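Read off the chains here:
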Amino acid sequence: IDADRWARTRASIPWMQRLTNEQDDSVRTLAAYFLHTKTITPLGGLVLDSDQQTRLAALCCLPLLCLGKAGLRGWSQVLVYPDAFRASRSHLDDSGVVHEYDEEIIGESWEAGPLVLSWADVQAEMDDPRAGACVVIHEMAHKLDWLDGVMDGTPPLPRSWQREWAADFQRSYDAFCRQVDAGNDTVIDPYASESPEEFFAVTSEYHFSAPQLLEAQMPEVAAHLRRFYG
C-alpha cells in the first residue's frame, strides 16, 4: 500500500490515531495481505474505491496486532451492503415448533463463510468513534472466536491464560446478565448479555471505541482485551 494511500487511510480511521509507528507498520502490512488474499464484494449497487477498500482492510486488521496473519485464516470474502440488510432466521421454541423470520442486521460472520457488513454503519461509527460501537471489530471478534473451532467467547490462547480468561469473562458475563435480567439500565450495550460469544464481541467494540468506559465497568475484561489486542 503506497505511502499516500496509507496516510489517507490512517487519517480516516479515528481508532488508528493511538497506534505507535511500529503498530501502524504492522497494520499496514496486514492490510496489504488482506487485500491480496480476501475478495471484497460490494452489493446492491455499492461501489468501493481503492481508498475505501483499504480503509475496510485496515479496520479488519486492527484487532490482529498480536495474532498477525493467523487471525485471517479460514475465510476468503467480505460482502458489503450499502446499508442494513435482511437475513433469514429460524428459532425452535420449547414446544418443538420452528419459527422462521427475517431480521434486519448490520453485520454477520460465519466460521468459514464471508464477513458481511453494512457500509453505512461502518461509516457512521467512524464519524462517532467514541460511542462504543464498531461493527467491523464486532464481526472480526467472532472470526477470532471461531479460530479454535468453537464459538464460545474465548479465542485461541495459551492454556494458562485461557483458564484465567474463561474465569474472568464468565464472572463478568454472569454479573452483567444479572443486571440486564433485573431490568437495570447498563452502560454497556445489553446485547452483550445474549451469549458469551456476543459478550466477547461487544466488549471488543468498547475496547477500541470506548476503552475508558470499559475499564470503569469491567476492569478484568478490559485487561484481558488490552493484552489480546495489543
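This one's a predicted model, so the numbers in the text were calculated from it and none came from an experiment.

Student: What should I look at first to understand the packing of helix α6 (residues 159-181) against helix α7 (residues 196-209) in this one?
Tutor: In a pair of packed helices, the angle between the axes and the distance between the axes together describe the arrangement. Between α6 and α7, whose axes approach to 10 Å, the crossing angle comes to 95 degrees. Put simply, α6 runs roughly perpendicular to α7. Taken together, the residues of α7 that come into contact with α6 (itself represented by Trp-165, Phe-169, Ser-172, Tyr-173 and Phe-176) are Pro-196, Phe-199, Phe-200 and Thr-203. Across the contact of α6 with α7, the residue classes break down as 7 nonpolar, 2 polar and no charged.

Student: Looking at this model, I keep getting lost on the packing of aromatic side chains. Mind explaining?
Tutor: Per the stated rule, a full pass over the model turns up 14 aromatic pairs. Measuring from ring centre to ring centre gives 4.3 Å for Trp-165 and Phe-169, while their planes differ by 5 degrees; the resulting arrangement is stacked. On the criterion of helical spacing, the pair formed by Trp-165 and Phe-169 is a turn pair, its members being 4 residues apart in helix α6. Taking the relative accessible area as the measure of exposure, Trp-165 reaches 0% and is therefore buried. Both rings, one in Phe-169 and one in Phe-200, keep their centres 6.4 Å apart while their planes meet at 75 degrees; by these two values the pair is edge-to-face. Of this pair, Phe-169 sits in helix α6 while Phe-200 sits in helix α7, placing them 31 residues apart in sequence. The rings of Trp-161, Trp-165, Phe-169, Tyr-173, Phe-176, Phe-199, Phe-200, Phe-208, Phe-228 and Tyr-229 are connected pair by pair, giving a single aromatic cluster. A cation over a ring is seen here: Arg-227 above Trp-161, with NZ or CZ 3.8 Å from the ring centre.

Student: Hey, could you run me through the nonpolar core in this one?
Tutor: For soluble globular proteins, nonpolar side chains are generally found buried alongside one another. By size, the foremost hydrophobic cluster in this structure holds 60 residues, and its most contacted members are Phe-34, Val-78 and Val-136. If sequence neighbours within four positions are ignored, Phe-34 has contacts with Ile-40, Ala-57, Cys-60, Cys-61, Leu-72, Trp-75 and Val-78. Judged by nonpolar contacts, the second largest core, of 5 residues, contains Leu-79, Phe-85, Ile-105 and Val-116.

Student: Looking at this structure, I do not really get the pairing of strand β1 (residues 39-42). What am I missing?
Tutor: Strand residues, when the strand is regular, have side chains that alternate between the two faces of the sheet. Of the pairings in the sheet, the one linking β1 to strand β2 (residues 77-81) comprises 4 bridges and is parallel in character. Residue pairing for β2: Thr-41 is matched across the bridge by Leu-79. The parallel pair β1 and β2 is bridged by helix α3 (residues 50-61), and the resulting crossover is left-handed.

Student: Can you walk me through the environment of His-224 in this structure?
Tutor: Looking at the secondary structure, you find His-224 in helix α9 (residues 219-229). Overall, His-224 belongs to the buried group, its relative accessible area being 7%. Residues His-224 and Arg-159 lie 65 residues apart in sequence; the distance between their C-alpha atoms is 14 Å. Among residues more than four places away in sequence, those in contact with His-224 are Trp-161, Glu-164, Trp-165, Asp-168 and Phe-169.

Student: Help me out: how do you make sense of the packing of helix α1 (residues 3-12) against α3 in this one?
Tutor: In contact at an axis separation of 9 Å, α1 and α3 are set at 60 degrees when each is read in the N-to-C sense. By the angle between their directions, the pair α1 and α3 is classed as oblique. Between α1 and α3 lies a crossing of right-handed hand. Taking contact as the criterion, the partners of Arg-5, Trp-6, Arg-8, Thr-9 and Ser-12 in α1 are, on α3, Ser-50, Asp-51, Thr-54, Arg-55 and Ala-58. A breakdown of the residues in the contact of α1 with α3 according to their chemical character gives 2 nonpolar, 4 polar and 4 charged.

Student: What is the right way to read the side chain of Ser-204 from this model?
Tutor: As for its placement among the helices and strands, Ser-204 is situated in helix α7. For Ser-204, the side chain forms a polar contact with the main-chain oxygen of Phe-200, separated by 2.8 Å. When residues no more than four places from it in sequence are discounted, the contact partners of Ser-204 are Ile-137, Ala-141, Leu-225 and Tyr-229.

Student: What's the story with the side chain of Glu-125 in this structure? I'm lost.
Tutor: By the secondary structure assignment, Glu-125 is in helix α4 (residues 119-127). Residues in contact with Glu-125, not counting those within four places in the same chain, are Trp-15, Ile-106, Ala-133, Cys-134 and Val-135.

Cut-offs applied
Residues numbered from 1 in each chain as written. Predicted model: local features only at pLDDT ≥ 70, side-chain atom pairs only at ≥ 80, totals over all residues. Heavy atoms only, no water. Axes fitted to C-alpha atoms, helices over the stretch in contact; angles between N-to-C directions. Helix = DSSP H or I, 4+ residues; strand = E, 2+ residues; numbered from the N terminus. Parallel < 35°, antiparallel > 145°, perpendicular 65-115°, else oblique. Contact = heavy atoms within 4.5 Å. Nonpolar A, V, L, I, M, F, W, Y, C, P; charged D, E, K, R; others polar. Phe/Tyr/Trp six-rings, centres within 6.5 Å; stacked < 30°, edge-to-face > 60°. Buried < 20%, exposed > 50% of the residue type's maximum accessible area, 1.4 Å probe, protein only. Lys NZ or Arg CZ within 6 Å of the ring centre and 35° of its normal. Core = buried A, V, L, I, M, F, W, Y, C linked by side-chain atoms within 4.5 Å. Pairing = 2+ DSSP bridges. Right-handed = clockwise from strand over helix to strand, strands pointing away. Left-handed = near helix turned anticlockwise from the far one by under 90°. Polar contact = N/O pair within 3.5 Å; in protein donor to acceptor, adjacent residues only side chain to side chain.

Read these as spatial facts, not as claims about activity.
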